[in-house]
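Observations on chain architecture
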Amino acid sequence: MSRVIKRAAVLGSGVMGSGIAAHLANVGIPTLMLDVVPKEVTENESKQGLTLNDKAVRNRIAHTNKQALLKQKPSPITSKKSLDLIEVGNMEDDMEKLADVDWIVEVVVENLEIKKQVFSRVDQYRKEGTIITSNTSGISVEKMIEDCSEDMKKHFLGTHFFNPPRYLKLLEIIPTKHTDSEIVSFMKQFSENTLGKGVVEAKDTPNFIANRIGTYGLQITVHEMLKAGLSIGEVDSITGPLIGRPKSATFRTLDVVGLDTFIQVAKTVYDQVDGEEKTVFEIPNFMKQMNEKGWIGQKAKQGFYLKQKGKDGSVILELNPETMEYEDRKKLKSPTVEMAKQQKGTKNKMKVLISQAGDKASDFSWNVFKRTLLYSAELLGEIADDITQIDNAMKWGFGWKMGPFETWDAIGVTKSVERMKSEGEAIPAWIEQFLEDGNETFYKKENGNVYYYDEGAYEQIEFNKKEFNIKRLKDTKGVIKKNTGASLIDLGDGVALLEFTSPNNSIGLDVMQMVNESIDEVEKNYEGLVIGNQGTNFCVGANLALMLMEAQDDNFFELDMVVRQFQNMTLRIKYADKPVVSAPFNMTLGGGAEVTLPAASVQASQEAYIGLVEVGVGLIPGGGGTKELYLKMLRGMPEGVKFDLAQVANTVFERVATAKVSTSAVEARELGYLNNFDGISVNPDHLLHDAKQRVLALSQLGYQAPKREKIPVVGDAGYAAMLLGAKQLQLSGYASEHDMKIAEKLAYVLSGGRIKEGTLIDEQVMLDLEREAFLSLIGEPKTQMRMQHMLLKGKPLRN
């Protein structure tokens, strides 16, 4: 039978429950969200004459938590419209509605007896064949349903989402001995393809995979810190990006998660294990004291760190675990740390960091790594069937660049095990056997395939067919052509990929050259082109440092040439004979948006933050961004219906003048950066596959390049109206004199110059106006100050 999830229900509407409901709504699944009935009316409800019998009161908890989604940051919803797909109710009056859904997710309090009661009731109302899952973070899923019907047991499993569900990739699926294998297989595919998740299959053990190893690693880090006499700030300075972990490192992560939550997660394991493992999960006294005092982190505005206002602005202090007082934040400085920082790539940084015995930072790092790696090896078979599940869980759930076994490969398995043995560590038997058999790494690459070690042999990793990996593509197919800023790669089936490889994927002359050469190549030998990459961000714009340097040297002839080349490049993308599809993700700003807007079509990641942000550095878009956004919005107007041209121009003016950036691809569509024909990929790993399919679809439909069109502009009248709006902002104190100067230039571009409203102009005229405005502004001292401030501080200057 072909299974489809058309409608879902979430039981429990707290932070996690409402977050899961929001994620389901984000991907277009109507969701029923139920919670308990309140035990008493509020003062406000009482004033309105409401009682416990009124629906508004009975649904209050779910309704309040639904509305709270609008205020949470980062936002759990991709658009306010997502809320329209969430229906609220309560778990007394609305249980019969469960018969209409295809998937029921339980997200109630972490208490086994309460969960059993909920599932007993669910069993009464669900229809046969409905999938039921629990979002427990560590309670035994087997025990929850031991009293339920056989059909429910067959269709039941754990689905452990990580918080926040919209942003964290990991989903742990935990089948029971009763779960039908077809259900497990379906949920894996559905979760990857529809929910956009990275799925691992875990065993029904305390805290499953990621929280088991992640909590152990954090506890070991705290124990080693206390043993070495290091401070909280010193530990965070070497347990973040230096070793391939998130910027929040150890203690900032705990502040974000909440110490109370962390203690609860650690207790789940502590209560169910013995011996040395139990000792590791014992919470240190100073952390117990913090919890008692309510110093639980970000939600209490105080935890391992405290932000205070000082003479020169805010300062962040760190807690001293001995005195329980806050002190200036420290960083660990040692020769090894400095050497590690000089290395290229996480692998080399880690190798150097742990290699210098006797160095404080090196000894601390080695001890944390050593114990975490051995623990992961000891748990293989108990928490997961193979090493890939463990590695992926840590990468997708905790943001590690490399999982434990990938880390072991990076630092050298043979050498590190020898050192562990010399220090008296017990090595798991399977690791000893692995080395005795002459193996050196847990992973191998051969002929573009990746293999992992599994019980004496290497097994090939089977990737989802929609998952494209550029590095693996290059290994198998090579590169068609490349320069210092970009590479052209064969995606197969007659589609090529242009990958930006410059620092931060910024656009310089090398990238512009490769865009033109790539389109030449594609027009001769391919069906179409995808512009995409797998860096941190799609593209954060043009090379700002280079432009500032030229402006400060008064090289305006050079700058004029560069801007012309940029404009010609965007025109080339637009008028290529073969379809060009842009595949933006994460930050797609300034020049990144200017590469995206003229493409024949766009396939955006759901997490695409698109905007023309040049105003933040005292400029306006110079590469055709203003023109293309205006045209995209004009094309979105219904044909044959009279519309207000001034309204379109004012909207574009507002988007550019306020540097409005979308918070999702759905919002990018609402803001006009994408149109209704552009696609959105929920799973970022499938983005390039989806973009390739879009190229092929356009090609098969007999793609023809667009014809040059005349642009209707608002002229003098529109120019005056736009400036009036800007002036009001200035009078209200929201815009400076320099902001007004920028606004005047932008309004002049959008109005087409001092001409009559409704005049049709060639797009080259608007491009010339853009370029002139850009060059005029980059010569302004205040603009150059803004550019310099952005380069040094990473945030805009208001002057």
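Residues numbered from 1 in each chain as written. Predicted model: local features only at pLDDT ≥ 70, side-chain atom pairs only at ≥ 80, totals over all residues. Heavy atoms only, no water.

Glancing now at the overall build of the protein. Along the backbone of the protein there are 34 helices and 25 strands. Taking 799 residues into account, the globule formula puts the C-alpha radius of gyration at 28 Å, and the protein, at 29 Å, falls close to it. When the 799 residues of the protein are sorted by exposure, 54% land in the buried category. Counting only contacts in the protein whose residues sit at least 6 apart along the sequence, the fraction spanning at least 24 positions is 69%. In the structure as shown, the protein presents an accessible area of about 35400 Å², 50% of it carried by carbon and sulfur atoms. Here the protein contributes 97 positively and 109 negatively charged side chains, and the mean placements of these two sets differ by 4 Å. (Helix = DSSP H or I, 4+ residues; strand = E, 2+ residues; numbered from the N terminus. Rg over C-alpha atoms; globule rule 2.2 N^0.38 Å. Buried < 20%, exposed > 50% of the residue type's maximum accessible area, 1.4 Å probe, protein only. Contact = heavy atoms within 4.5 Å. Areas by Shrake-Rupley, 256 points an atom, 1.4 Å probe, with all protein chains shown as cover. Lys, Arg positive; Asp, Glu negative; His and termini not counted. Charge placed at Lys NZ, Arg CZ, Asp CG, Glu CD.)

Turning next to the nonpolar core. Formed by 105 residues in total, the largest nonpolar core has its most connected members in F286, F304, W408 and F442. The element that contributes the greatest number of residues to this core is helix α17 (residues 360-379), accounting for 10 residues. (Core = buried A, V, L, I, M, F, W, Y, C linked by side-chain atoms within 4.5 Å.)

Moving on: empty space enclosed by the protein. Any space left empty among the atoms is revealed by the rolling of a water-sized probe across them. Scanning all chains against the criterion turns up 1 cavity of 30 Å³ or more. Of the pockets and cavities examined, the largest cavity occupies roughly 30 Å³. If you go around the largest cavity, the residues you meet are R245, F369, T372, L373, W400, P404 and T407. Elements represented by at least two residues in the lining of the largest cavity include exactly α17 and α19 (404-411). When its residues are assigned to classes, the lining of the largest cavity shows 4 nonpolar, 2 polar and 1 charged. (1 Å grid on protein atoms, 1.4 Å probe; cavity = no way out; pocket = protein on both sides within 12 Å on 5 of 7 lines; lining within 4 Å. Points joined across faces, edges and corners; volume = space filled by probe spheres on them. Nonpolar A, V, L, I, M, F, W, Y, C, P; charged D, E, K, R; others polar.)

Moving on: helix α18 (residues 387-398). For α18, which comprises 12 residues, the first-to-last C-alpha distance of 16 Å matches the rise-based estimate of 16 Å (1.5 Å per residue) to within 8%. Counting buried residues in α18 gives 9 out of 12 residues, a clear majority hidden from the surface. Within the span of α18, buried status applies to I387, T388, Q389, I390, D391, N392, A393, M394 and G397. (Expected span 1.5 Å × (residues − 1).)

To continue, consider the sheet that holds strand β9 (residues 305-310). Across the sheet, 3 strands lie side by side as β9-β10-β11; this open sheet has antiparallel pairing. Strand pairing shows two members of the sheet lacking a second neighbour, β9 and β11 (325-328), which therefore form its edges. Across the sheet, the axes of successive neighbouring strands diverge by a mean angle of 45°, strand direction being ignored. Bridge analysis of strand β10 (residues 313-320) against β11 gives 4 bridges, and the strand direction is antiparallel. The residue of β11 that forms the bridge with L317 is D328. (Pairing = 2+ DSSP bridges. Axes fitted to C-alpha atoms, helices over the stretch in contact; angles between N-to-C directions.)

Turning our attention to unusual backbone geometry. Of note, the bond from K73 into P74 is cis; its omega dihedral lies within 30 degrees of zero at -5°. Secondary-structure assignment places P74 in the loop between α4 (60-68) and β3 (86-90). Cis geometry is adopted by the peptide bond preceding P164, which originates at N163 and carries an omega value of 0°. Inspection of the secondary structure assignment puts P164 in the loop between β6 (156-161) and β7 (170-175). We note that F208 has phi near 60°; this positive angle belongs to a residue other than glycine. Looking at the secondary structure, you find F208 in the loop between β8 (198-201) and α9 (210-228).

Let us now look at the sheet that holds β7. Read across the open sheet, the 8 strands follow the order β3-β2-β1-β4-β5-β6-β7-β8; overall the sheet is mixed. What marks the edges here is a single partner per strand, and that holds for β3 and β8. Between one strand and the next, the sheet's axes are offset by a mean angle of 25°, whatever the strand orientation. In the sheet, strand β1 (residues 8-11) pairs with strand β4 (residues 103-106) via 4 bridges, with the strands oriented parallel. Bridged to A9 within β4 is I104. The strands touched by helix α1 (residues 15-26) within the sheet are β1, β2 (31-35), β3, β4 and β6, with β2 carrying the most contacts at an inclination of about 170°.

One pass over the structure, following the stated rule, counts 57 salt bridges. For R564, the salt bridge is made with D560, and the minimal N-O distance between the two is 2.7 Å. Placement of the pair is R564 and D560 together in helix α25 (residues 556-575), with a separation of 4 residues, close to one helical turn. Accessibility expressed as a relative area gives 38% for R564, which makes it partly exposed. When salt bridges that share partners are traced, they join K574, K627, E628, R708, D762 and E763 into one network. (Salt bridge = Lys/Arg side-chain N within 4 Å of Asp/Glu carboxyl O.)

The subject of this paragraph is the pairing of strand β13 (residues 449-454). A regular strand places its side chains on the two faces of the sheet in alternate fashion. Sheet topology places strand β12 (residues 443-446) next to β13; 4 bridges connect them, and they run antiparallel. Pairing of K444 across the sheet is with Y451, part of β13. Adjacent in sequence and paired antiparallel, β12 and β13 are bridged by 2 residues, among which N447 carries a positive phi angle near 50°. Here β13 runs beside strand β14 (residues 457-460); their pairing, made up of 4 bridges, is antiparallel. When the bridges of β14 are listed, D454 appears paired with A457.

The next point concerns the environment of K692. Along the chain, K692 falls in helix α30 (residues 687-700). As for K692 and F405, which are separated by 287 residues in sequence, their C-alpha atoms are 33 Å apart. When neighbours within four sequence positions are excluded, K692 is seen to be in contact with F468, L491, G492, D493, V495 and V530.

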